[in-house]
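Secondary and tertiary structure notes
What follows is the residue order along each chain.
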Amino acid sequence: MTVQELPGAGASHRSTPPPAWRPRTDAAPLLPDPEPYRVLGTPAADRLDPELMRRCYAELVRGRRYNAQATALTRQGRLAVYPSTVGQEACEIAAALVLEEQDWLFPSYRDTLAAVARGLDPVQALTLLRGDWHTGYDPHEHRIAPLCTPLATQLPHAVGLAHAARLRGDDVVALALVGDGGTSEGDFHEALNFAAVWQAPVVFLVQNNGFAISVPLAKQTAAPTLAHKAVGYGMPGRLVDGNDIAAVHEVLSEAVRRARAGGGPTLIEAVTYRIEAHTNADDATRYRGDAEVEAWKAHDPVDLLERELTARGLLDEEGIRAAKDAAEEMAATLRERMNAEPVLNPMDLFENVYAQQTERLREQAGMLRAELEAEAAEAEEQS
């Protein structure tokens, strides 16, 4: 019932505004495809860029070896924990390669490989997981936000940075990575809502690897797909095969171009699978069977690209061997550097907490400094 229909309403009343339910935008163009978008093994592969795909292949091979070496380091006590991305490398590599130098990557705790593919020193990427530093690298220097352990808190940060960049007139796009479990957090909702309202130049990539630790996707959401969630916020949703690096790169590139041109945010769901356990502290056999894992291994991102490129004559045995040799060299260097004992300064605890230290921090730093000096003096007397 409108105001005009209320008893006693006369002509003096102004006409009512449009009903609140009226759509603010046409939902149809925002809807994702009914099936994940694919390139490899389809006619769309005819337009592959050979140079780009060979680079993607080398990065995939290196990424797979990086995962194996980092996992081995946890067993040797050199890392406290490592969340492997075996099976998800295509998402990680594509996310790193679509960004320009001035753009920002906002990773989650599982996205060390994306940071390395963007150019970060592999040792610095593992420093957080080693427990030496909170981050291990300068985020501003590398345009990579700190690896985010709390779920989805990096998403509002990405929106804020992207919005601020647009207000300043800077040519910057933020790409935020999150897992399917992170989409169940309030930060996910807040980030997408603000991004769409502000039309911020940000891209959200959800790596749907099937499980939030041990919780399958079906117990997290009743949505048709995670990509469908985009429509409720007023942004496009895309659904892509997360193991098809050519498809992921194409969809991400399109979303980044759209954001850079002022078209606003995009939510992309990459359907992939976590082949290994959640971390080295997890027993995945308690919540999934071997048959499921083996089925996904048949859709391995490295094998998919290698088959496509060799079939098209874009990759030969020499190229395969060169990629593997480079990966082994990287692993050997990483292993050697991680086996060296770190030299840590306890006073670094007080660095980079605030731009200017508070009085309380200065007091605490002074107390620790005095304790360290006393211990050093005692050690010198006993020597």
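What this report covers is the structure whose coordinates are included nearby. (Residues numbered from 1 in each chain as written. Predicted model: local features only at pLDDT ≥ 70, side-chain atom pairs only at ≥ 80, totals over all residues. Heavy atoms only, no water.)

**What to know about the overall build of the chain**
The test is simple: For the purposes of this entry, the term helix denotes a DSSP run of H or I that reaches at least four residues, the term strand denotes a run of E that reaches at least two, and both are numbered from the N terminus. We call a residue buried when its accessible area falls under 20% of the maximum for its residue type, exposed when it is over 50%, and partly exposed in between, using a 1.4 Å probe and counting protein chains only. Contacts are residue-level and defined by heavy atoms, with any inter-residue pair within 4.5 Å sufficient. In short, Shrake-Rupley with a 1.4 Å probe defines the accessible areas, and a residue's cover is counted only from the protein chains shown. None of His or the chain ends enter the tally, which takes Lys and Arg as positive and Asp and Glu as negative. Charge positions are represented by NZ for Lys, CZ for Arg, CG for Asp and CD for Glu.
A count of helical and extended segments in the chain gives 13 helices and 7 strands. Each principal axis of the C-alpha atoms in the chain carries an extent, and together these give about 100 × 65 × 45 Å. A total of 383 residues make up the chain; the buried ones form 45% of that total. Across the chain, the fraction of contacts at a sequence separation of at least 24, relative to all contacts at a separation of at least 6, is 74%. Accessible area for the chain stands at about 19500 Å²; split by element, carbon and sulfur atoms hold 52% of it. Across the chain, the mean location of the 37 positive side-chain charges is 5 Å away from that of the 57 negative side-chain charges.

**Quick word on the packing of aromatic side chains**
Test applied: Pairing of aromatic side chains requires ring centres within 6.5 Å, counting the rings of Phe and Tyr and the six-membered ring of Trp. Pairs whose planes differ by under 30 degrees are stacked, by over 60 edge-to-face, and all others tilted. Criterion for a charge above a ring: Arg CZ or Lys NZ at most 6 Å from the ring centre, at most 35 degrees from the ring normal.
The full count for this structure, using the stated rule, is 6 aromatic pairs. Summarising the aromatic geometry, the rings of Phe194 and Trp198 are spaced 4.8 Å apart at their centres and angled 40° between planes, so their arrangement reads as tilted. Taken together, the residues Phe194 and Trp198, both in helix α7 (residues 186-198) and 4 residues apart, mark about one turn of the helix. Using a relative accessible area of 43% as the deciding quantity, one classes Phe194 as partly exposed. Trp198 gets classed as partly exposed once you look at its relative accessible area, which sits at 31%. Seen in terms of ring centroids, Tyr273 and Trp296 are 5.2 Å apart; in terms of plane orientation they differ by 5°. Their pairing is stacked. Linking Tyr273 in the loop between β7 (266-271) and α10 (290-297) with Trp296 in helix α10, this pair joins segments that are 23 residues apart in sequence. Sitting over the face of the ring of Tyr37, Arg238 holds its NZ or CZ atom 5.9 Å from the ring centroid.

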